[in-house]
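A structural walkthrough
Below are the chains, spelled out letter by letter.
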Amino acid sequence: MIIRLVEITVQSRVERELVDITPQVEQVVAESGVRDGLVNVLTRHTSAGILVTEGLECLEQDILDHLERLAPDHPQEYGYYHNRYLDFDGRLGFNAGAHLKSVLSGYFATFPIAGGSLVKGGRQRVYFAEYDGPLARQVVIQVLGEP
Amino acid sequence: MMDFHCHPVLVEEMVARHPELERAARQVFSIGNRFQPLETLLLELDVSGLERTVLLPIEATRTRGLPVYTNEQVAELVALAPRRLVGFASVDPLATDAADRLERAVADLGLRGLKLSPPTQEFYPDDPRAYPLYERACRLGVPVVMHTGMSWEPRARLAWGHPARLEPVLADFPDLRVVAAHFAWPWSLELAALALKYPNLFVDTAALYFDNPDDFIADLFVHRLSLTLIERSLRHQVVFGSNYPRVEIKNMARAVRRAGLSEPTLRLLFHDNGLRVLGEVSG
């Protein structure tokens, strides 16, 4: 049984974006030595997410726009209780919209590994989803299985 | 376009070089966020539509045991991105060699102004022991950014930040350009009165104490003060400041741009007034 955990940094460059991290996930799987098993991909952050969808720029924009409609950063008709001073952070919380998007999109993805490769649909891509950038973010990739 | 109020406490390259900066960030500045590469700060400026930011240290050795960046460390950071970063100095205003330290920071390190924080450094701005420092700043032609109003730092008492104690300095040093940080909240109206009276006083917008940037700036500019007060009387004396990283630059810039000020006034806040404070343009 092999268990390998790798942490990568994703530098987001704008406030909200989807960053395709499929190549990094495939590389970690390939270098793990696992032929049959599982790979878990998760973000360590609560204002970001992990998404799996088709790798199209138009779809990336639709997803970000839809999440913004569901959980707006600056709603006009209501406010967020999160808008208060957080003494443990030394700052106010005013990114409730980003946290809500993270809840909606989820923070992880799992794929089987067979024959040393990721088992996924041909159009599926793994994305790191930034909802509160730009920031340097951490993504954990864990591979478990038999050599 | 410039942010006049940034604390570089989370820059991980500097923490890697100077591990004591982690303690300064956590224990003195009281910030809990993760350290970030310098690139994140520069990208914050990019997404906010700004080119430069002013870096503000706090010399807190006498009161807190260590500085939040030494002047040398500020200069070292500026050298990593000299076109984007403007470094200020900080000295203990009650030290007998404070004026000489400021002069060395300006002459030898290329720093462009002085940052003082009465609540952290535990002094009143009108303390006569600080006057030689103000005299030297005048002679050097550099501005002073003075914390006013409430401080989030746990040991910082409100009284140290009352803007009334700034008035003697403004009166006694009419050639000294002073930027009152944080709009002196909750004494913003008192600070506005000082700004009306003293043309050498500037104020920055780095005020956020409840709600979110949009709601707080609207409450401050529209309800506690008046947009016309800024538009008609103070538009040449307000500079944009974010207070990063307690507030993201993008969020504070958005709030100020949405507050209802005219485009020419916003140009003054984000651009022209900051250049005047730095002495890059006259007038």
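The structure contained in this document is the topic of the report that follows.

We now examine the nonpolar core. The biggest cluster of nonpolar side chains holds 95 residues, and the ones touching the most others in it are Leu85, Tyr134 and Leu201 of chain B. The dominant element in this core, judged by the number of residues it contributes, is helix H13 (residues 249–257) of chain B, at five residues. Not counting the four nearest positions on each side in its chain, Tyr134 of chain B is found in contact with Leu116, Phe123, Pro125, Met146, Val169, Phe173 and Leu176 of chain B. Counting 21 residues, the second-largest nonpolar core is a separate cluster that includes Val29, Val34, Phe111 and Ile113 of chain A.

Facing the 23 residues of chain A at the interface are 28 residues of chain B. Carbon and sulfur atoms supply 48% of the area that chain A and chain B bury against each other, a total of about 2100 Å² over both sides. Counting the contacts that link chain A with chain B gives four salt bridges. With a closest N to O distance of 3.1 Å, Lys250 of chain B and Asp132 of chain A form a salt bridge. Counting across the interface, chain A meets chain B through eleven residue pairs in polar contact (both at pLDDT 80 or more).

On to the packing of aromatic side chains, then. Within a pair of aromatic rings, the relevant descriptors are the distance that separates the centres and the angle that separates the planes. Residue and element names in this part refer to chain B. Enumeration according to the criterion identifies 16 aromatic pairs over all chains in this entry. Relative to Tyr134, the ring of Tyr131 has its centre 5.8 Å away and its plane inclined at 65 degrees; by these criteria the two rings are edge-to-face. In this pair, Tyr131 and Tyr134 are both assigned in helix H8 (residues 131–140), three residues apart and thus about one turn of the helix distant. Considered together, Tyr131 and Tyr134 belong to a single accessibility category, that of buried residues. Of note, Arg165 hangs over the ring of Tyr124, and the distance from its end group to the ring centre comes to 3.9 Å. Sitting over the face of the ring of Phe29, Arg246 holds its NZ or CZ atom 3.9 Å from the ring centroid.

Cut-offs and rules
Residues numbered from 1 in each chain as written. Chains lettered and ligands numbered in written order. Predicted model: local features only at pLDDT ≥ 70, side-chain atom pairs only at ≥ 80, totals over all residues. Heavy atoms only, no water. Core = buried A, V, L, I, M, F, W, Y, C linked by side-chain atoms within 4.5 Å. Buried < 20%, exposed > 50% of the residue type's maximum accessible area, 1.4 Å probe, protein only. Helix = DSSP H or I, 4+ residues; strand = E, 2+ residues; numbered from the N terminus. Contact = heavy atoms within 4.5 Å. Buried area = accessible area lost by both parts, 1.4 Å probe. Salt bridge = Lys/Arg side-chain N within 4 Å of Asp/Glu carboxyl O. Polar contact = N/O pair within 3.5 Å; in protein donor to acceptor, adjacent residues only side chain to side chain. Phe/Tyr/Trp six-rings, centres within 6.5 Å; stacked < 30°, edge-to-face > 60°. Lys NZ or Arg CZ within 6 Å of the ring centre and 35° of its normal.

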